[in-house]
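Structure at a glance
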Amino acid sequence: MTPAARIACAIDLIGVLEEQCFGPAARRRPADAVASDFFRTRRFIGGGDRRVVSELAWGVVRQRIRLGWHLDRLGVAPTARLLLLAQMLLGRSGDHGRGRQAAEAAFDDSHYGPAALDPAERRVAASLDGRPLVDPAMPDGPRLNLPDWVLPALTARFGAGLAREAAALETEAPLDLRVNLLKTDREAAITLLAGERIEVVPTPLSPWGLRLPARRPVTGTAAFRQGLIEVQDEGSQLIALLADARPGMRVADYCAGAAGKTLAMAATMGNKGKITACDTSAARLEGAATRLKRAGVDNAERHLLEAGDRWAKRRAGSFDRVLVDAPCTGTGTWRRNPDARLRTRPEDLAELVEVQHQILGKASELVRPGGRLVYATCSLLPQENEEQMDRFLAHAPGFVPIPLDRLWAELRPGLELPCEGPFLALSPGRHGTDGFFCAVLERGA
Ligand SMILES: C[S@@+](CC[C@H](N)C(=O)[O-])C[C@H]1O[C@@H](n2cnc3c(N)ncnc32)[C@H](O)[C@@H]1O
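Looking at an unreviewed UniProt entry, one finds the protein chain named rRNA cytosine-C5-methylase and attributed to Neoroseomonas lacus. What UniProt states about the protein chain under its Sequence similarities (unreviewed entry) heading is, verbatim, "Belongs to the class I-like SAM-binding methyltransferase superfamily. RsmB/NOP family."

What follows is the structure in structure tokens.
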């Protein structure tokens, strides 16, 4: 592909993303799924071209809120052409017009290239050229690269620390691994990975975590294929730690998905006792099967939750641990999914808060007297976390929170408590993990 053809292709992709993921009438599909469909129907595009086109489009996705603000200020609609043009021009102070020349040259009207800029687009280019991407006149949303609707909740939670958190949500997430204690230990895994030229360091909070200082593909390593390691954010590992599932216990992972936390809990159980991975999604539970097998987990069963299902009723009050890793806005993972900050809307939050409350009601019935209900989200928003807990505890007086400092002293003795308050609340800016919340509640005997 010529450089201009790559630009034309990126404009097409941005247009499809706008239509299917972000626009007002969009179906709000995840951007990576849309991009992969886009390239599947254009098999003639080779790997190198695909990388350049994706990077151009992803640059726009990552800065979409700010680019939208700049175009809105100029009174023009955010077409795919203008979004890419703005991305090419903004934040290039000191370029002395070279960015504009390059942009104008890129829209070269060649056979496979984009049409030349029209007079209105040229005026936009002239206005944007040399301006900073983060403009001093920007209100908080674009300045912090966050949608307006999350600002009140995040400001209430982080106060003056919000800028640090917003900046952390713009960085690339580290790649964390969890060592599978059913098959090896952390020291041995470090040595094995070094043998495969993968450098890792222990994570500071999780006792089973390893972090790659430089991103490398790990799924092809022997350590991964043999189930010695799993990819899992450190914060996610800490939720399994706080669940404190022990050998011989009966454990339900009520929203197990593809079993990320089931795997970690099966390891703390030493494969003894029984863990049931439940979910309403058959496809996700299907994905769990391969991972459980690879990890050598043989005390887990899977259960698909369906309407009218009597499974939970028959098992009421019989589990030592019930983990609810609830569906949530995923605001804590926005550094991994930059498109999610554009796709998630306030009505999703309202809906999810209700779903979480319903799930908590059902799952809590499974807990035996003296057993524990563990509630977790990867959200940074108090509505899905502390406020959800306040509401649950008001409805379920039989449950009391076990304060984090008590749990932490038992499970990570000698290690400084990562946060204040009765619950675990992790954030990318402060802890370097994804944003996670975890509350552990005990059912009165
Ligand atoms: C945050 S994800 C779970 C991730 C998983 N625990 C892991 O560590 O990989 C939330 C899961 O809840 C499931 N879910 C949604 N509604 C549910 C419901 N009403 N009951 C149980 N699970 C539900 C979703 O299918 C999704 O897999």
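Having seen it, we continue.
Some thoughts on the overall build of the protein chain
Within the protein chain, the secondary structure is distributed over 21 helices and twelve strands. Expected size for 445 residues packed as a compact globule is a radius of gyration near 22 Å; at 24 Å, the protein chain falls within 12% of this value. Taken along the three principal axes of its C-alpha coordinates, the protein chain extends 75 × 50 × 45 Å. Restricting to contacts in the protein chain with at least 6 residues of sequence separation, those with at least 24 account for 71%.

Digging into the nonpolar core
In this structure, L242, V322, V324, V374, A376, L424 and C438 are the most contacted members of the largest nonpolar core, which totals 72 residues. Sequence-distant contacts of L424, that is, excluding residues within four places in its chain, are made with L238, L242, L404, C419, F436, F437 and C438. Among the nonpolar cores identified, the runner-up in size contains 35 residues, and A8, F38, L128 and L133 belong to it.

Here we look at the packing of helix 4 (residues 64–73) against helix 5 (residues 80–89)
Where helix 4 contacts helix 5, the two axes come as close as 10 Å, and the packing angle between them is 105°. On the basis of the axis angle, helix 4 is roughly perpendicular to helix 5. Side by side, helix 4 and helix 5 meet where L67, H70 and L71 of the first sit next to L82, L83, A86 and Q87 of the second. By residue class, the composition of the contact of helix 4 with helix 5 is five nonpolar, two polar and no charged.

Considerations on the UniProt feature "active site" (unreviewed entry) in the protein chain
Per the UniProt record, the feature "active site" (unreviewed entry) sits at C378. Within the fold, C378 resides in the loop between strand 9 (367–377) and helix 19 (386–395). Accessibility expressed as a C-beta count within 10 Å gives 26 for C378, which makes it buried.

Digging into the sheet that holds strand 1 (residues 175–179)
The antiparallel open sheet is built from four strands, whose spatial order is 2-3-1-4. With one partner strand each, in any of the chains shown, strand 2 (201–202) and strand 4 (229–231) form the two edges of the open sheet. Two strands pair when backbone bridges link them, and strand 1 and strand 3 (residues 209–212) are joined in this way by four bridges, in the antiparallel orientation. Looking at the pairing, L175 lines up with L212 of strand 3.

Some words on the domain arrangement of the protein chain
Under the domain assignment, the protein chain is made up of domain 1 (3–138), domain 2 (175–231) and domain 3 (234–443). Taking the mean C-alpha position of each, domain 1 and domain 2 sit 38 Å from one another.

Observations concerning helix 2 (residues 31–40)
Note: α-helices contain 3.6 residues per turn, so residues at a spacing of three or four share the same orientation. All of the buried residues along helix 2 are A31, A35 and F38. Seen along its axis, helix 2 keeps its buried residues to an arc of 55°; they face one direction. Facing away from the buried surface of helix 2 by more than 90 degrees, the exposed residues are A33, S36 and R40. Along its buried surface, helix 2 packs onto helix 1 (3–22) and helix 3 (47–62).

So, the UniProt feature "binding site: S-adenosyl-L-methionine" (unreviewed entry) in the protein chain
With numbering matched to this structure, UniProt assigns "binding site: S-adenosyl-L-methionine" (unreviewed entry) to D279 and D325. For the residues just named, distributed over 47 residues, the greatest C-alpha separation is only 10.4 Å, placing them together at one site. Here D279 shows up in strand 6 (residues 274–279). A residue is classified by how many C-beta atoms lie within 10 Å of it, and D279, with 25 of them, is buried. Dropping the residues within four chain positions of it, D279 is found in contact with C255, A256, G257, R284, L285, L304 and L305. Summarising the element assignment, D325 is placed in strand 8 (residues 319–325).

Considerations on the environment of C328
Topologically, C328 is positioned in the loop between strand 8 and helix 17 (340–343). Between the C-alpha atom of C328 and that of L352, which follows or precedes it by 24 residues, the distance is 5.9 Å. Those residues in contact with C328, other than ones at most four positions away along the chain, are L352, Q356, T377, C378, S379 and E384.

Quick word on the confidence of the model for the protein chain
For the protein chain, per-residue confidence averages 95 on the pLDDT scale, and residues scoring 70 or more make up 99% of the total. In the predicted assembly, ipTM is 0.99 and pTM is 0.95.

Notes on the site of the ligand
Lining the immediate surroundings of the ligand are 16 residues, of which C255, G257, G260, S281 and D325 lie closest. Tallied by class, the residues present in the shell around the ligand amount to seven nonpolar, five polar and four charged.

So, the packing of helix 18 (residues 346–364) against helix 19
Packing of helix 18 against helix 19 leaves a shortest axis separation of 11 Å and a crossing angle of 40°. By the angle between their axes, helix 18 is oblique relative to helix 19. By crossing handedness, the relation of helix 18 to helix 19 is classed as right-handed. Mapping the contact onto sequence places V353, Q356, H357 and L360 in helix 18 and Q388, R391 and F392 in helix 19. Among the residues forming the contact of helix 18 with helix 19, the class breakdown is three nonpolar, three polar and one charged.

Quick notes on the pairing of strand 5 (residues 250–253)
For strand 5 and strand 6, the ladder comprises four bridges, and the chain directions are parallel. If you follow D253 over to strand 6, its bridge partner there is A277. Bridge count for strand 5 against strand 8 is three bridges, and the pairing is parallel. Across the sheet, D253 pairs through a bridge with L323, a residue of strand 8.

Cut-offs applied
- Residue numbers run consecutively from 1 along every chain, following the written order of its sequence.
- Reporting in this predicted model follows two pLDDT cut-offs: at least 70 for local features of residues, and 80 or more for side-chain atom pairs to be given and counted; totals over whole chains, interfaces and linings ignore these cut-offs and use all residues.
- UniProt positions are given in the numbering used here, feature names are shortened, and annotations may be inferred rather than shown by experiment.
- Secondary structure elements follow DSSP: runs of H or I of four or more residues count as helices, runs of E of two or more count as strands, with numbering from the N terminus.
- The reference for a compact globule is 2.2 Å times residues^0.38; the radius of gyration itself is calculated from the C-alpha atoms.
- By definition, residue pairs are in contact when their C-beta atoms, positioned from the backbone, come within 7 Å.
- Each nonpolar core consists of buried Ala, Val, Leu, Ile, Met, Phe, Trp, Tyr and Cys residues. Their C-beta atoms, within 7 Å, join them into a set.
- Counting other C-beta atoms within 10 Å of a residue's C-beta gives its exposure: the residue is buried at 20 or more, exposed at 12 or fewer, and partly exposed in between, where C-beta atoms are placed from the backbone.
- Throughout, an axis means a line fitted to C-alpha atoms (over the contacting stretch in the case of helices), and angles, computed between N-to-C directions, take values from 0 to 180 degrees.
- Roughly parallel here means an angle under 35 degrees, roughly antiparallel means over 145, roughly perpendicular means 65 to 115, and every remaining angle is called oblique.
- Any residue outside Ala, Val, Leu, Ile, Met, Phe, Trp, Tyr, Cys, Pro, Asp, Glu, Lys and Arg is labelled polar, Gly included; the first ten of those are nonpolar and the last four are charged.
- Criterion used throughout: strands pair if DSSP finds at least two bridges between them.
- Boundaries of every domain are those given by an automatic assignment or by a domain database.
- Each direction from the helix axis to a C-beta atom contributes to the arc, which is the arc of those directions.
- Think of pLDDT as the predictor's per-residue confidence, scored from 0 to 100.
- All residues are tested the same way: a C-beta atom is placed from the backbone, and lying within 6 Å of a molecule or strand makes the residue near it.
- Crossing chirality is assigned from the near helix's rotation relative to the far helix, an anticlockwise turn below a right angle marking it left-handed and a clockwise turn marking it right-handed.

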